[in-house]
Amino acid sequence: MNPKTDAYLGRIHHAEKYEYRRWDAANRRDEIYVNGRWVWTSTTNRDYVTPQYRYAQRNGSVYSAASKTNSKVVGTITRGTRVRWGAWDSANRRDEINLNGKWVWSSVTDRNKPAPIIPPAVDVKNYARFSTMGSTLRKNPISGSASVGSIKKGWKVVVTHKAEGGWVHINAGSISGWIKESGNLRKHGPYSVAVYGTLRTGQSAYNVMGGFQQKVKDQRLANSSLYQLWNRNWTFLTNGPKTVVAEQFQYSDSAGPGMLRKLDIYEGQLKYQGKPMYTRQNVPLTDGSESWTYKTTSFSEQVVKNSGRYISSGDFLKRS
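Residues numbered from 1 in each chain as written. Predicted model: local features only at pLDDT ≥ 70, side-chain atom pairs only at ≥ 80, totals over all residues. Heavy atoms only, no water.

Colleague: Help me understand the packing of aromatic side chains, please; the structure alone is not making it clear to me.
Modeller: For any pair of aromatic rings, the description consists of the separation of the ring centres together with the inter-plane angle of the planes. Throughout the structure, instances matching the rule amount to 9 aromatic pairs. When the ring of Tyr-206 is compared with that of Phe-249, the centres are 6.2 Å apart and the planes differ by 50 degrees; the resulting orientation is tilted. Taken together, the positions of Tyr-206 in the loop between β18 (188-195) and β19 (214-228) and Phe-249 in strand β21 (residues 242-250) put the pair 43 residues apart, joining distant regions of the chain. Phe-249 sits in the buried class, given a relative accessible area of 0%. Summarising the aromatic geometry, the rings of Tyr-227 and Tyr-310 are spaced 5.4 Å apart at their centres and angled 50 degrees between planes, so their arrangement reads as tilted. Within this pair, whereas Tyr-227 is found in strand β19, its partner Tyr-310 is found in strand β26 (residues 309-310), the two being separated by 83 residues in sequence. (Phe/Tyr/Trp six-rings, centres within 6.5 Å; stacked < 30°, edge-to-face > 60°. Helix = DSSP H or I, 4+ residues; strand = E, 2+ residues; numbered from the N terminus. Buried < 20%, exposed > 50% of the residue type's maximum accessible area, 1.4 Å probe, protein only.)

Colleague: Which parts of the structure should I look at to understand the environment of Leu-229?
Modeller: Relative to the assigned elements, Leu-229 resides in the loop between β19 and β20 (235-239). Here the alpha-carbon distance between Leu-229 and Lys-305, two residues 76 residues apart in the chain, equals 9.2 Å. Contact partners of Leu-229, with chain neighbours within four places excluded, come to Trp-234, Phe-236, Met-277, Val-303, Val-304, Ser-307 and Gly-308. (Contact = heavy atoms within 4.5 Å.)

Colleague: Hey, could you run me through helix α1 (residues 256-267) in this one?
Modeller: Each α-helix winds once per 3.6 residues, and so residues spaced three or four apart point in a common direction. For α1, with 12 residues, the first-to-last C-alpha span of 16 Å sits near the 16 Å given by 1.5 Å per residue. Every buried residue of α1 is listed here: Gly-256, Met-259, Leu-260, Leu-263 and Glu-267. Projected down its long axis, α1 carries its buried residues within an arc of 100 degrees, all on one side. Turned more than 90 degrees off the buried face of α1, the exposed positions are Arg-261 and Ile-265. (Expected span 1.5 Å × (residues − 1). Arc of directions from axis to C-beta.)

Put into structure tokens, the structure is as follows:
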């Protein structure tokens, strides 16, 4: 073949490797083997060329040719897809790219990776959960978003918004941010204890509650009533139609088991007719979470409802 006069036969692609046969110095062309035949080109050399890649900047079609008037749609490409680059047609402003093993043309690709799309936040009725592990909170509901802080395992948090992909926005005291709900949050705190009487902040037995990693005040135990019996400081949580004011104390995995044993002994001291007035029970709160607390048994509930004084406010601090 004559490297100077031969007609156009097709294209080769950036960084592709081809078998070489000879060099025509006069026309400065290599003879190379492409798709089963020997052809001439002026764009090859010995040196290795690093492949280049492009990213789809938006969803779009891919075409059979560079020409906008003489090509057909042969597929689609999704925003963010990374593809091997082969050539650029400046007249039609299209890249030749390798998509799923085939060379096609696209007008929606570029060198730069597109910024991730941030899904919209959807407001939800607030509910509470406990963290299952120490986790980083994100600025936006997308992987790789900037960190805005972290929470410890066992902390109580409040979910305020949701976003596509299983993301939830949480408040945890002074910090807030996004986290994946699945695997990171749970309804029941295994070492969370809700207290409503003398164990509350500033009350006579508050010192018993030491060693906690988080305390949340102004909580409400659901479907409950509060009674007072025998002593001004002896109050009893029963089943009921209203709510009872409580504080929640969260303990770490290391401190939690010992704290529960300690409270079991402390609360188990008060008995009537040889039976305990309290047992540790998992109870619901009005925010949708669940926690341990010390509540009357079916026997002691009848005792306090028959002989005790009902505290209508449900608040130990507002008893008379």
